[in-house]
Each structure stands twice: as C-alpha cells, then as structure tokens.
Amino acid sequence: MARIVKKDTVNYFLKSFYWFAVGFLLSGAFLSSLVMFYFQYQYRNRVIPGVFIGNTYVGEKTKDQIQKLFTEKNNLISQNSFSFKTDDQVATVSAKELGIGYDTNLMVDQSLSLGKGRDLLSDAYIILSTYLNGTFLRPSYTYNEDVLKSKLSKIEKNVQKDPVNAEFNVENNKVVAFKQSSNGQLLDYESLNKTMRNIVPNLLAQKPSLHAVNLPIKIIKPDTTTEEANSLGIVEPIGVGTSTFYHSIPGRVHNVALATSKINGALVAPGEEFSFDKTLGDVSAYTGYAQAYVISGGKTVLGDGGGVCQVSTTLFRAVLNAGLPITERHAHAYRVGYYEQDAPPGLDATTYVPTVDFKFKNDTGHYIFIQALADTDNLSLTFTIYGKSDGRKVSISQPVISDTSPAPPDVYQDDPTLPVGTIKQVDFAAPGAKSVFTRTVTRDGKQIIKDTFVSIYKPWQAVFLRGTKTI
C-alpha cells in the first residue's frame, strides 16, 4: 500500500512540473512576443539600435535623417572629378555627372528592415545581437556606366580600330596582292568599370580632387595574321627606304611610278641575288616609259625613262636599313638634287639597263618581299622590305663630305619645244664632293657585315632651257 502511494505522488509531481514548465514557456513566449511587438512598434519608423552603415552610425535614426546624412556625404563626393586619358587624348568628367555616390535609398531600406521580418526567432536574434555587438552594413554606391560611355564616345571613336586580316597572293613568282595583318583595338569598358567601382569607395577618405584614370585598351587579334597567310616565312617589315621627287616634270613622275610598279611585289628567295636591271626589264618608249630629262654626252636632254634612278636610289636605302649584303652599287656622276631633298649626299644608286646595275643578296634564310609605293600626289616614294627578322641590327654613319669644289657657271641650252622667250631650269648647280659613310650589321653582338660606300661627284652646272619655238 505504501509503494502505491509513493508512486502516485511521483506521478503527480511530474505532471505538475510538466504543466508548470509548459505554462512558463508559453508565458515567456507570450511575454517575449509582447516585448518584440512593442520593440518593433517603437522602431517602426526608425532603425533599431546598434546599426552602422560602414563606419557611420544610423541606429535609432529615421529615414529622413539617414537620407540627410548621406546626401551631405554625396555632395562632398560630387566635388571630385576624373581625367580619363589615352596617350594623346583626355576627357574630364565630374563625379556628379557620373552619378557617383552612396545609394541612399537602398541603404535606408536595408537598415530600416533589420529585425522587422516575419520570423520571430530570427528577428529576436538580430535585435539582441545588434544591440550587444552592433551590425555593420556594407555601403552601397551608385555609378552610371552609360553616362561614362557617352562622355568617352569621342575618344572611343578615335581609339577604335578594326583588326585587319592578312592578304597574300602570288602569281608568276610575284606578289600581286598584299595586305599586312594588324591588330584592332577598342576601349575596354569592362576593365574601366571595374577600376571605377574600386575607386568610388575611397573618395570619402580624401579631399575632393582630380583623379587621373588611364583608359584601358583591349587588343583584338585578326582572324588571319601575315605569317598564317603565306608559307614563305614572310612576317614583318625588316627595312624601309624613302625619297621625294619634288619639282619633277610630268614625264619623270610617270616614269617613277611605272618603274616602281615593275619592282613592287618582287620575291627574293633565300640565298638569291636580286638584280634591279633584270627585275625592271627594258626601259624604253616600247615598254611605256615617257621622255624626261637625262644626262647624255654632258648635256641635259630628253630621253626615255628619266627618273628610274629615283627608284633604284630608294630601294638602295631600304636595303641599307634592312642590313642585307649589297653586291653592286654605283653612285651618280654628280650630285642630283632630287636625292638630297631628304637625305645627305651619298645615299643614291644609279642604274642604266643593262650595263649599270644595283644588286643585293638575300642572306636571311627566308623569302623576302619588296613592296613599293609611289605617291604621285605628294611626290614621295617608299620601299618596304618584308621578311622575317633574324635579330640583325644596322648602324649607318653620317656621310663625311670632303674635297668639295664649286659648281661651274650656268649653262643655257636651246630648246625648240619651248616658245621663244621662255626660260626653264631643268638642272640645278651642284658642287663637286666626295661622300663616305659606313654601315655595320651585327647579330647576337657579332659583326656580320662591314662596308664602306664612297661616292665621288664632279661639280655640275645649273642648266636652263631657252625656248626657240616660233608660232
């Protein structure tokens, strides 16, 4: 009987404790809910205590107070400006124009919503944790990428360049169509915007100022490079030569252009010796050359092909700069004004088909290709030798001029093609001189070519044509 009483007592005690605990928990939950609802009601239009945005305390502040606080900060940020630069262009834009600043509306919404969700336990944890330890929200910023792109449109237009695919067509051992590949480029807005987003958070840490930003350029590769377009190993320019021929008569301009077209596109195989005369072919009226003034028998007269030496001279300069071995070169008998318009005396090479030639050898181990362009509008000539560089370096000394002598008196020659009373100068006085320069070609620090070019020019008189033609 005693055991039964004792067991009933324990059961009664356990049931009482259970219901007490349940009641206690329910009461606690009810009281906590009341406290939470009261707390949320008290801060329904304010941020709960302990909230920071970055290092700025916004706890217990209203929406208007937070907006005012960050509007002041944005006013300070707007005083900054940016100088966007390329190598030769610049655009200055203010932070205000770019809409740079704190994203006030987003930060207000984030801070006001803390601890005011629909999950009681989660809200309670957030409120307690924030009150005890603080909650630090990461600042949000605004920045208008579209406005920046609009401000940089002029620079973008100048920078943007489409890639060029290579073109290389050969017929009868001559290049008939050639276009060197080149990379395209454009402004790299993705990289620029990343840079700008990294800059923005630091603007408040310093006084308003002008910030220089180098515009990133994105390189675009062509679909077909020069090397891929041909199987001859022709990759890049290895030597360039230029000259001008101002004051040339129409016949001479025609001949320069015609002779240039004959040399343009020539391919020179590895180990092959190039002959200017052989490549040029016959120079006469039968092959399309006009009459222009040449020197014959010590006189300036009209002859077929006057001006061809402008072409051989320009090619000579390109070969010099390419560091190729020159196997035959002849200087003119006197100083010709055309060849000293953009170079000192001594940088000329005369030819006379078929007896006087200009030759060089291709010792690069790869094919080379000669591209020539005669600009008859600007009266300039350019030769570019393409191949594959083997690392050779060229050093050319300045010509040393000596043994100078004055030009003889002017000479007048009768010309039946000019009206009576017309005087036309066709040649210009040139003093006699000796010109000497050297060229040194090295590869991997070792000398592979050392040559000296000597030109001896006799003095030359000015020549005037005097019209004798009567109407």
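None of these values were measured; they are calculated from a predicted model.

Trainee: It is not clear to me how the environment of Ile77 should be interpreted in this structure. Could you clarify?
Mentor: Within the secondary structure layout, Ile77 lies in helix 2 (residues 63–77). A sequence separation of 123 residues divides Ile77 from Val200, and the C-alpha atoms of the two residues are 8.9 Å apart. Ignoring anything within four residues of it in the chain, the contact list for Ile77 reads Ala95, Ile100, Gly101, Tyr102, Leu203 and Leu204.

Trainee: Even after reading the chapter, I still don't get the packing of aromatic side chains, so can you show me in this structure?
Mentor: Two descriptors summarise a pair of aromatic rings, namely the distance from one centre to the other and the angle between the planes of the rings. Going through the model one piece at a time under the given rule, you end up with 17 aromatic pairs. Between Phe52 and Phe136, the ring centres sit 4.6 Å apart and the planes meet at 15 degrees, which makes this aromatic pair stacked. Within this pair, whereas Phe52 is found in strand 1 (residues 51–53), its partner Phe136 is found in strand 6 (residues 135–137), the two being separated by 84 residues in sequence. Judged by relative accessible area, Phe52 falls into the partly exposed class, the value being 22%. Judged by relative accessible area, which is 52%, Phe136 ranks as exposed. Following the ring pairs from residue to residue traces out a cluster consisting of Phe274, Phe316, Phe358, Phe360, Phe437 and Phe453. The aromatic ring of Tyr189 is capped on one face by Lys149, whose charged end is 5.2 Å from the ring centroid. Here Arg252 stacks its cationic end above the ring of Tyr338, 3.6 Å away from the centre of that ring.

Trainee: Can you help me understand the nonpolar core in this one?
Mentor: Inside soluble globular proteins, nonpolar side chains tend to come together where they are buried. Judged by nonpolar contacts, the single largest core of 37 residues is most densely connected at Leu315 and Phe360. When residues of this core are traced back to their parent elements, those giving at least two are helix 9 (250–263), helix 10 (276–280), helix 11 (308–322), strand 20 (368–375) and strand 21 (380–387). Here the element with the most residues in this core is helix 11; it accounts for eight residues. Setting aside its immediate chain neighbours within four residues, Leu315 contacts Ile263, Phe274, Phe276, Phe358, Phe360, Ile370 and Phe383.

Trainee: Is there a simple way to explain the sheet that holds strand 19 (residues 359–361) in this structure?
Mentor: Backbone hydrogen bonds are what pair the strands of a sheet, in a parallel or an antiparallel way. Taking strand neighbours across the sheet as the criterion, the three strands line up as 15-19-18 in an open arrangement whose pairing is antiparallel. In this open sheet, the two edge strands, each paired with only one partner strand, are strand 15 (273–275) and strand 18 (326–328). Pairwise comparison of adjacent strand axes, ignoring direction, gives a mean angle of 25 degrees for this sheet. Pairing of strand 18 with strand 19, which is carried by two bridges, proceeds in the antiparallel orientation.

Trainee: Whenever I open this one, the sheet that holds strand 4 (residues 90–94) confuses me. Can you help?
Mentor: One open sheet holds the three strands; their spatial order is 4-3-11, and the pairing between them is mixed. With partners counted over all chains shown, the strands left at the sheet margins are strand 4 and strand 11 (210–214), one partner each. Neighbour-to-neighbour, the strand axes of the sheet open up by a mean angle of 25 degrees, direction not taken into account. Across five bridges, strand 3 (residues 81–85) lies against strand 4 in antiparallel orientation. What sits directly across from Phe82, in strand 4, is Val93. Along the sheet face, helix 7 (residues 189–199) touches strand 3 and strand 11 and points at about 150 degrees away from the line of strand 3.

Trainee: Which parts of the structure should I look at to understand the pairing of strand 21?
Mentor: For a regular strand, side chains alternate in direction, first toward one face of the sheet and then toward the other. Here strand 21 lies mainly inside the structure; six of its eight residues are buried. Bridge analysis of strand 13 (residues 236–244) against strand 21 gives eight bridges, and the strand direction is antiparallel. Among the inter-strand pairings, Glu236 is bridged to a residue of strand 21, identified as Gly387. Pairing of strand 20 with strand 21 involves seven bridges; the strand directions are antiparallel. Counterpart to Ala372 in the pairing with strand 21 is Phe383. Remark: four residues form the turn of the hairpin made by strand 20 and strand 21, two consecutive strands paired antiparallel; Leu379 in that turn has positive phi of roughly 50 degrees.

Trainee: Just checking my understanding: could you explain the pattern of salt bridges for this structure?
Mentor: In a structure, side chains of opposite charge can pair up when their charged atoms sit close to one another. Taken as a whole and assessed by the stated rule, the structure comprises 11 salt bridges. For Arg392, the salt bridge goes to Asp390, with nearest N and O atoms at 2.9 Å. As a salt-bridge pair, Asp451 and Arg439 come within 2.9 Å of each other at their nearest N and O atoms. Here the residue Asp451 occupies a position in strand 27 (residues 446–457), and Arg439 occupies one in strand 26 (residues 432–443), the gap between them amounting to 12 residues. Per residue, the accessibility class of Asp451 equals that of Arg439, and both read buried. A network of salt bridges, in which partner residues are shared, links Asp363, Asp390, Arg392 and Arg443.

Trainee: Got a minute to help me understand helix 11 in this structure?
Mentor: Side chains of residues three or four places apart in an α-helix project in the same direction, reflecting 3.6 residues per turn. In this model helix 11 runs 22 Å from its N-terminal to its C-terminal C-alpha over 15 residues, within 8% of the 21 Å that 1.5 Å per residue would give. The buried fraction of helix 11 is high, at 14 of 15 residues. One or two residues past the end of helix 11 sits Gly323, with phi positive at roughly 75 degrees.

Trainee: Mind showing me how you'd approach the packing of helix 2 against helix 3 (residues 104–113) here?
Mentor: The packing of two helices is summarised by the inter-axis angle and the distance between the axes. At a closest axis distance of 10 Å, the pairing of helix 2 and helix 3 adopts a crossing angle of 145 degrees. Crossing of helix 2 against helix 3: the hand is right-handed. Taking contact as the criterion, the partners of Lys63, Ile66, Gln67, Phe70 and Asn74 in helix 2 are, on helix 3, Thr104, Asn105, Met107, Val108, Ser111 and Leu112. Looking at side-chain class alone, the contact of helix 2 with helix 3 contains five nonpolar, five polar and one charged residues.

Trainee: Whenever I open this one, helix 2 confuses me. Can you help?
Mentor: Counted at 1.5 Å a residue, the expected span for helix 2 with its 15 residues is 21 Å, and the 21 Å between its end C-alpha atoms agrees. By the burial criterion, the buried members of helix 2 are Ile66, Phe70, Asn74 and Ile77. Here the buried residues of helix 2 occupy an arc of 70 degrees about the axis, which is enough to place them on one side. For helix 2, the exposed residues lying more than 90 degrees away from the buried face are Asp64 and Lys68. The elements touched by buried residues of helix 2 are strand 1, strand 2 (56–57), strand 5 (101–102) and helix 3.

Criteria and cut-off values
- Residues numbered from 1 in each chain as written.
- Predicted model: local features only at pLDDT ≥ 70, side-chain atom pairs only at ≥ 80, totals over all residues.
- Heavy atoms only, no water.
- Helix = DSSP H or I, 4+ residues; strand = E, 2+ residues; numbered from the N terminus.
- Contact = heavy atoms within 4.5 Å.
- Phe/Tyr/Trp six-rings, centres within 6.5 Å; stacked < 30°, edge-to-face > 60°.
- Buried < 20%, exposed > 50% of the residue type's maximum accessible area, 1.4 Å probe, protein only.
- Lys NZ or Arg CZ within 6 Å of the ring centre and 35° of its normal.
- Core = buried A, V, L, I, M, F, W, Y, C linked by side-chain atoms within 4.5 Å.
- Pairing = 2+ DSSP bridges.
- Axes fitted to C-alpha atoms, helices over the stretch in contact; angles between N-to-C directions.
- Salt bridge = Lys/Arg side-chain N within 4 Å of Asp/Glu carboxyl O.
- Expected span 1.5 Å × (residues − 1).
- Left-handed = near helix turned anticlockwise from the far one by under 90°.
- Nonpolar A, V, L, I, M, F, W, Y, C, P; charged D, E, K, R; others polar.
- Arc of directions from axis to C-beta.

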